[in-house]
Amino acid sequence: MGRPGRAGRHGPALIMDIQQRVAVVTGGASGIGRSLCLALAEQGAAAIVVADVDAGGAAQVAATIEAGGHRALAVTADVASAADARALVARAQDAFGRIDLLCSNAGIIVGGGVEVPDEAWSRMWAVNVQSHVYLARAILPGMLARREGYLVYTASAAGLLTQLGSAPYAVTKHALVALAEWLYITYADQGIGVSCLCPQAVSTNLGATSRRQVGADTPTTWSDRGAGPQAAVDGVLTPDQVAACVIEAIAQERFLILPHPEVATYERRRADDRERWLRGMRRLQARLSGGR
Ligand SMILES: NC(=O)c1ccc[n+]([C@@H]2O[C@H](COP(=O)([O-])OP(=O)(O)OC[C@H]3O[C@@H](n4cnc5c(N)ncnc54)[C@H](O)[C@@H]3O)[C@@H](O)[C@H]2O)c1
């Protein structure tokens, strides 16, 4: 995409150039999604569609992009609804003719394990996994017809390792990494680039926005400023730092985006000796929960 002749990691001649591309960012009203919208505008994207359940937040981000002289459209959508996901894609295509880049970023967290109520587990599956299926289903036909397009999935380090304190998050983010890998394997030879973003803690509103969707009583394991338990170990990045990693990875067509580079080591240790890695995670959990 963009510069014929340069070989990309995905195969022949396909380096994604963000300039003049039309991007859709889900969860664009806040946190990583908001920073992605602003970074894409800065990179010269032709238009950015800011999609979120938070209508006011999406409108604000779109207004900020427009104030900087770029084109933007705010769309209110619950991407966990197949109808909303389809309508989002149709609105973006009507407004700007096509979608070149999807940042499928919206996600939520709840804390707990198998005792988490079914409604909350279902909501986690719907937002963290099925929404990405709906969007890919709606967007891929156009991309495949043009033989170019790029999909970026915001998973989490939890999707490669685990999430202490949240089984639904660990399980659904593992599923999302699997989906992103499958899409890459299946469509890379047809001109579709795929990247999968797997950060540890990032300072965002994840706790607060998740509570809005799963109910105020549901624990999120996340503070309102987005610091999960791993924050104590490898630190907290800003959403702008994470967005910069995404922009760089798209330019290089790199599948795995690890803003916390330590995650590569942890993943290697997990693959090399699973028993040892599991024992290490037990120790870490005990340490973070004060030896309980
Ligand atoms: N904050 C972290 O530490 C961290 C770490 C790893 C991965 N992530 C992932 O990053 C992504 C973005 O989260 P964030 O941390 O920027 O949090 P955030 O709460 O600041 O932003 C998430 C945005 O997604 C929107 N959203 C949630 N569900 C939606 C839905 N069904 N339809 C449309 N919009 C929806 C929210 O309204 C919010 O504006 C999530 O997928 C999250 O799991 C976050």
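Residues numbered from 1 in each chain as written. Predicted model: local features only at pLDDT ≥ 70, side-chain atom pairs only at ≥ 80, totals over all residues. Heavy atoms only, no water.

A. Structural context of the overall build of the protein chain. Across its full length, the protein chain carries 10 helices and 7 strands. Here the protein chain holds 292 residues, and 53% of them are scored as buried. Of all intrachain contacts in the protein chain linking residues separated by at least 6 positions in sequence, the fraction that spans at least 24 positions is 70%. Surface exposure of the protein chain reaches about 12,600 Å², of which carbon and sulfur atoms provide 51%. (Helix = DSSP H or I, 4+ residues; strand = E, 2+ residues; numbered from the N terminus. Buried < 20%, exposed > 50% of the residue type's maximum accessible area, 1.4 Å probe, protein only. Contact = heavy atoms within 4.5 Å. Areas by Shrake-Rupley, 256 points an atom, 1.4 Å probe, with all protein chains shown as cover.)

B. Here's a closer look at the site of the ligand. Within the structure, the ligand sits among 32 residues, and S30, D52, Y169, T209 and Q213 are positioned closest to it. T204 has a polar side-chain atom sitting 2.6 Å from an oxygen atom of the ligand. T209 places a side-chain nitrogen or oxygen 2.4 Å from an oxygen atom of the ligand. Contact with the protein chains hides 100% of the accessible area of the ligand, taken as 820 Å² for the molecule alone. Ranked by residue count, the leading element in the shell around the ligand is helix α6 (residues 206–214), at 3 residues. Of the residues that constitute the shell around the ligand, the class distribution is 15 nonpolar, 13 polar and 4 charged. (Near = heavy atom within 4 Å. Polar contact = N/O pair within 3.5 Å; in protein donor to acceptor, adjacent residues only side chain to side chain. Nonpolar A, V, L, I, M, F, W, Y, C, P; charged D, E, K, R; others polar.)

C. Just the pairing of strand β2 (residues 47–52), in detail. Where burial is concerned, most of β2 is hidden: 6 out of the 6 residues are buried. Neither face of β2 is exposed, since A47, V49 and A51 on one face and I48, V50 and D52 on the opposite face are all buried. Pairing analysis gives 6 bridges linking β2 to strand β3 (residues 71–76), with the strands arranged parallel. When the bridges of β3 are listed, V49 appears paired with L73. Handedness of the β-α-β unit built from β2, helix α2 (residues 55–67) and β3 comes out right-handed. (Pairing = 2+ DSSP bridges. Right-handed = clockwise from strand over helix to strand, strands pointing away.)

D. Spotlight on helix α1 (residues 31–42). Given a rise of 1.5 Å per residue, 12 residues ought to cover 16 Å, and the 17 Å separating the end C-alpha atoms of α1 matches this to within 8%. Counting buried positions along α1 gives 9 out of 12 residues, so the element sits mostly inside the fold. Of the positions making up α1, those classed as buried are G31, I32, G33, S35, L36, C37, A39, L40 and A41. The elements touched by buried residues of α1 are β1 (22–26), β2, α2, β4 (101–104), β6 (192–197) and α8 (239–252). Once α1 ends, the next one or two residues include G44, with phi positive near 90 degrees. (Expected span 1.5 Å × (residues − 1).)

E. Inspection of the nonpolar core at higher detail. Counting residues in each nonpolar core, the largest one holds 46 residues, and the members touching the most others are V49, L88, L151, Y153, L183 and V194. Grouped together as the second largest cluster of nonpolar side chains are 33 residues, M16, C37, A62 and V246 included. (Core = buried A, V, L, I, M, F, W, Y, C linked by side-chain atoms within 4.5 Å.)

F. View of the packing of aromatic side chains. Scanning all chains against the criterion turns up 2 aromatic pairs. Summarising the aromatic geometry, the rings of W182 and Y187 are spaced 6.2 Å apart at their centres and angled 80 degrees between planes, so their arrangement reads as edge-to-face. Their ring planes at 65 degrees and their centres at 5.6 Å tell us that Y184 and F255 sit as a pair that is edge-to-face. Of this pair, Y184 sits in helix α5 (residues 167–187) while F255 sits in the loop between α8 and β7 (256–257); the two residues are 71 residues apart in sequence, bridging distant segments of the chain. Using a relative accessible area of 24% as the deciding quantity, one classes Y184 as partly exposed. (Phe/Tyr/Trp six-rings, centres within 6.5 Å; stacked < 30°, edge-to-face > 60°.)

G. Structural detail: unusual backbone geometry. The phi torsion at R147 lies on the positive side, around 55 degrees, for a residue other than glycine. Its place among the elements puts R147 in the loop between α4 (118–146) and β5 (149–154). You will see that E253, though not glycine, has its phi angle at about 50 degrees, which is positive. Turning to its location among the elements, E253 is positioned in the loop between α8 and β7.

H. Spotlight on the pairing of β6. β6 sits mainly inside the fold: 6 of its 6 residues count as buried. Here β6 shows no split at all, with I192, V194 and C196 on one side and G193, S195 and L197 on the other all buried. As judged from the 6 bridges shared by β5 and β6, these two strands associate in the parallel manner. When the sheet's bridge partners are listed, L151 is paired in β6 with V194. In this region the chain leaves β5, passes through α5 and returns to the parallel neighbour β6; the handedness of that crossover is right-handed.

I. Representation of the sheet that holds β6. The strand order across the open sheet built from 7 strands is β3-β2-β1-β4-β5-β6-β7, with neighbouring strands paired in parallel fashion. What marks the edges here is a single partner per strand, and that holds for β3 and β7. Along the sheet face, α4 touches β1, β4, β5 and β6 and points at about 165 degrees away from the line of β5. (Axes fitted to C-alpha atoms, helices over the stretch in contact; angles between N-to-C directions.)

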